[in-house]
Amino acid sequence: MSYFIRPKNTTISRLYLRILGGQLTPDYPIDKNNEVRIIDIFVDSFDVADMGFRNDFIENGRPAYNPKDLLKLYIYGYLNRVRSSRELEKESKRNIEVMWLIKGLTPDHNTISNFRRDNPKAIKKVFRLTVTIAKNFNLIGGKLIAGDSTKLRAQNSKKNNFNEKKVKRHLSYIDEKLTQYEEKLSDADGDNRKLIESEIEKHEQRKQGYQNIQNQLNKTGESQVSTSDPDSRHMITRNNITEVAYNVQTTVDAENNIPIDYKVTNTNDSKAMGGMLQRAKTILRSNNFTALYDKGYHTGSEFLTANNLGIDVLVAIPAVAAQAPNPDYNVEKFIYNPVDDYYVCPQGNKLTTTGTWHLARTYQFKRYTTKKCLECTVKQECSKAKYGKGIQRSEYQEYI
């Protein structure tokens with residue numbers, strides 16, 4: 001390793017010196033090249049308090065576990081795909097590697113779970129540190145990266161996820177039921193009257209609950225509310241199957257397939273690329289790289305962001321929904337004149353615009369048409385529309 005440059009970062013420098021100093025010595029029964037030794041050295045090389053880990057000690061009771069030991073167990077579980085707190089608890093009692101790593105400690109699953117729950121920001125800092133170390137050891141090329149996402153289902157069920165349309169449907173149903181009960185109440189007496197009054201009270205409480213959700217939607221401007229897992233959102237996960245979920249964005253460097261960044265979001269991929277590119281630029285301290293993304297990220301505004309950041313992107317092109325009956329007359333066959341702002345069709349006719357900007361769901365566009373379509377001999381090959389071809393040009397078209 002003599003060709004490595006000694007890093008300036010104090011934490012990384014300590015780790016670097018321990019590795020070069022031969023501290024990966026054998027310790028029966030753990031092999032000298034076992035990965036748990038790297039985990040042990042890595043966690044011992046930094047101050048967990050500086051990372052922000054909580055270190056709570058109970059005044060009258062058992063001493064708290066050192067965050068370093070729980071972090072070592074957490075990293076071991078991550079590397080070996082043992083995610084469950086209960087499984088990690090079992091490993092601490094039967095796995096020789098884990099016993100060596102955490103010095104024979106046996107934290108229960110609640111302790112392990114609480115450690116993860118209480119230290120999300122600190123754990124993310126540890127991830128950032130691993131990326132910094134990888135950069136110092138020249139393991140990250142920083143020339144080609146790829147971004148993608150993974151949907152993770154939340155604890156929130158679909159019935160506990162609400163949007164404005166769903167809330168209105170519930171309120172309409174409750175109002176209808178209340179009207180029916182009010183009509184019955186005038187003719188009821190005795191026990192039957194008490195039963196109807198009870199039902200009215202129950203529906204009034206439910207109505208108030210839905211009104212509170214509606215107020216929350218109005219106040220926050222959000223399109224959805226999840227009541228048991230507030231940050232989760234209803235989204236398409238795969239093949240038009242929907243779940244209440246999170247969307248985890250990841251960025252991986254191509255040199256050694258090392259993840260350099262991740263971000264947990266509750267939105268789909270269409271608006272994610274720009275933000276992840278900005279983060280990648282900060283992490284790599286350069287914009288001299290190319291980023292690869294699939295067609296879910298093909299969004300004009302994100303291309304604008306990439307252009308402003310000076311980053312080259314290669315994004316798969318989604319299929320066009322409205323193709324011409326004859327492919328020779330698809331939109332890409334029409335030539336755009338940026339100086340005079342018009343299109344020329346394969347037949348040589350000009351498609352012009354009134355200059356009016358129309359609003360789509362997430363962007364603006366201008367529409368280009370020509371009256372020549374009505375008398376064109378190839379109209380049926382070009383367009384099925386009654387009045388002929390119309391081209392919509394996005395405000396982001398030049399970046400697309």
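Above: the structure in question.
Attention in this report is confined to the structure presented alongside it.

### Some remarks on the overall build of the protein
Along its length, the protein carries 13 helices and 14 strands. For the protein, whose C-alpha radius of gyration is 30 Å, the value lies well above the compact-globule estimate of 21 Å for 400 residues. Across its three principal directions, the C-alpha atoms of the protein cover 90 × 85 × 30 Å. Of all 400 residues assigned to the protein, the portion counted as buried reaches 38%. Contacts spanning at least 24 positions in sequence make up 58% of the contacts within the protein whose residues lie at least 6 apart. Across the protein, 61 positive and 48 negative side-chain charges occur, with their mean positions spaced 4 Å apart.

### What to know about the state of the cysteines
In this structure the tally under the stated criterion is 0 disulfides. Cysteine cysteine 345 remains unbridged, with the sulfur of cysteine 376 as its closest cysteine sulfur at 6.2 Å. Sulfur of cysteine 382: no disulfide; nearest cysteine sulfur belongs to cysteine 373 and is 5.8 Å away. The exposure class of cysteine 382 is buried, given its relative accessible area of 11%.

### Focus: the sheet that holds strand β13 (residues 364-368)
Across the sheet, which stays open at both edges, the 3 strands sit in the order β12-β13-β14 with antiparallel pairing between neighbours. If you trace the sheet from one side to the other, it starts and ends with β12 (358-359) and β14 (391-394), each paired once.

### Structural notes on the nonpolar core
In terms of nonpolar packing, the biggest core is built from 28 residues, with Phe42, Phe46, Phe53 and Leu71 touching the most fellow members. Residues in contact with phenylalanine 53, not counting those within four places in the same chain, are Val48, Pro67, Leu71, Phe115, Asn119, Ala122, Ile123 and Val126.

### Some thoughts on the sheet that holds strand β10 (residues 342-344)
Ordered in space as β9-β10-β11, the 3 strands form an open sheet in which the pairing is antiparallel. In this open sheet, the two edge strands, each paired with only one partner strand, are β9 (335-337) and β11 (350-351). Pairing analysis gives 2 bridges linking β10 to β11, with the strands arranged antiparallel. Counterpart to tyrosine 343 in the pairing with β11 is leucine 351.

### Thoughts on the packing of aromatic side chains
Under the counting rule described, the total for this entry stands at 9 aromatic pairs. Feature note: the residues Tyr336, Tyr343 and Tyr368 constitute an aromatic cluster, connected by ring pairs. The ring centre of tyrosine 262 lies 4.9 Å from the NZ or CZ of lysine 124, which sits over that ring. The ring of phenylalanine 162 is capped by lysine 166, whose NZ or CZ atom sits 5.0 Å from the centre of that ring.

### Side note on helix α7 (residues 109-118)
Turning to α7, its buried residues are His109, Ile112 and Phe115. Burial along α7 is one-sided: seen end-on, the buried residues are contained in an arc of 130°. The inward-facing, buried residues of α7 abut α4 (67-79), α5 (85-94) and α8 (120-136). Among the residues of α7, the N-terminal cap falls to aspartate 108, whose side-chain oxygen and the backbone nitrogen of asparagine 110 are separated by 3.2 Å.

### A word on empty space enclosed by the protein
Counted by the stated rule, this structure contains 2 cavities of 30 Å³ or more. Approximately 80 Å³ is the volume found for the largest cavity. Taken together, Tyr329, Phe334, Cys345, Gln347, Leu351, Thr370, Cys373, Cys376, Val378, Lys379, Cys382 and Lys389 make up the lining of the largest cavity. Looking at the second largest cavity, its volume works out to about 40 Å³. Around the second largest cavity, the lining residues are Leu70, Leu73, Tyr74, Leu88, Ile112, Phe115 and Arg116. Secondary-structure elements contributing two or more residues to the lining of the second largest cavity are α4 and α7. Split by residue class, the lining of the second largest cavity holds 6 nonpolar, no polar and 1 charged.

### Observations concerning helix α9 (residues 164-185)
In a regular helix each residue adds 1.5 Å, so 22 residues correspond to 32 Å; α9 covers 31 Å between its end C-alpha atoms and thus fits that length. Listing the buried residues of α9 in full gives Lys166, Val167, Leu171, Ile174, Leu178, Tyr181 and Leu185. For α9, the arc enclosing every buried residue in end-on projection is 125°, short of the 170-degree limit, so these residues lie on one face. What points out from α9, more than 90 degrees from its buried face, is the exposed set Lys165, Arg169 and Glu183. Lining the buried residues of α9 we find β2 (161-163) and α10 (190-220).

### As for the packing of α9 against α10
The interhelical angle for the contact between α9 and α10, taken along N-to-C directions, is 160°, at an axis separation of 9 Å. One element, α9, and the other, α10, form an angle in the roughly antiparallel class. You can see that α9 and α10 cross each other, and the crossing is left-handed. Here the contact of α9 with α10 is composed, by residue class, of 11 nonpolar, 4 polar and 11 charged.

### Regarding the pairing of strand β8 (residues 312-315)
Side-chain direction in a regular strand flips from residue to residue, so the side chains alternate between the two faces of the sheet. In the sheet, strand β7 (residues 290-293) pairs with β8 via 4 bridges, with the strands oriented parallel. Bridge pairing in β8 places alanine 291 opposite valine 313. You can see the chain leave β7, run along helix α12 (residues 300-309) and come back into β8, and the turn it takes is right-handed.

### Considering the pattern of salt bridges
Within the structure shown, the criterion is met by 17 salt bridges. Where aspartate 40 meets lysine 72, a salt bridge forms, and the shortest distance between an N and an O atom there is 2.6 Å. Highlighted residues: aspartate 40 in helix α2 (residues 35-44) and lysine 72 in helix α4, separated in sequence by 32 residues. Per residue, the accessibility class of aspartate 40 equals that of lysine 72, and both read buried. Glutamate 164 is paired through a salt bridge with lysine 168; the nearest N and O atoms lie 3.4 Å apart. Separated by 4 residues within a single helix, glutamate 164 and lysine 168 lie in helix α9, roughly one turn from each other. Through salt bridges with shared partners, a single network forms among Glu87, Lys90, Glu91 and Arg94.

Conventions we followed
- Residues numbered from 1 in each chain as written.
- Predicted model: local features only at pLDDT ≥ 70, side-chain atom pairs only at ≥ 80, totals over all residues.
- Heavy atoms only, no water.
- Helix = DSSP H or I, 4+ residues; strand = E, 2+ residues; numbered from the N terminus.
- Rg over C-alpha atoms; globule rule 2.2 N^0.38 Å.
- Buried < 20%, exposed > 50% of the residue type's maximum accessible area, 1.4 Å probe, protein only.
- Contact = heavy atoms within 4.5 Å.
- Lys, Arg positive; Asp, Glu negative; His and termini not counted.
- Charge placed at Lys NZ, Arg CZ, Asp CG, Glu CD.
- Disulfide = S-S within 2.5 Å.
- Pairing = 2+ DSSP bridges.
- Core = buried A, V, L, I, M, F, W, Y, C linked by side-chain atoms within 4.5 Å.
- Phe/Tyr/Trp six-rings, centres within 6.5 Å; stacked < 30°, edge-to-face > 60°.
- Lys NZ or Arg CZ within 6 Å of the ring centre and 35° of its normal.
- Arc of directions from axis to C-beta.
- Polar contact = N/O pair within 3.5 Å; in protein donor to acceptor, adjacent residues only side chain to side chain.
- 1 Å grid on protein atoms, 1.4 Å probe; cavity = no way out; pocket = protein on both sides within 12 Å on 5 of 7 lines; lining within 4 Å.
- Points joined across faces, edges and corners; volume = space filled by probe spheres on them.
- Nonpolar A, V, L, I, M, F, W, Y, C, P; charged D, E, K, R; others polar.
- Expected span 1.5 Å × (residues − 1).
- Axes fitted to C-alpha atoms, helices over the stretch in contact; angles between N-to-C directions.
- Parallel < 35°, antiparallel > 145°, perpendicular 65-115°, else oblique.
- Left-handed = near helix turned anticlockwise from the far one by under 90°.
- Right-handed = clockwise from strand over helix to strand, strands pointing away.
- Salt bridge = Lys/Arg side-chain N within 4 Å of Asp/Glu carboxyl O.

So yeah, pure geometry; function would need other evidence.
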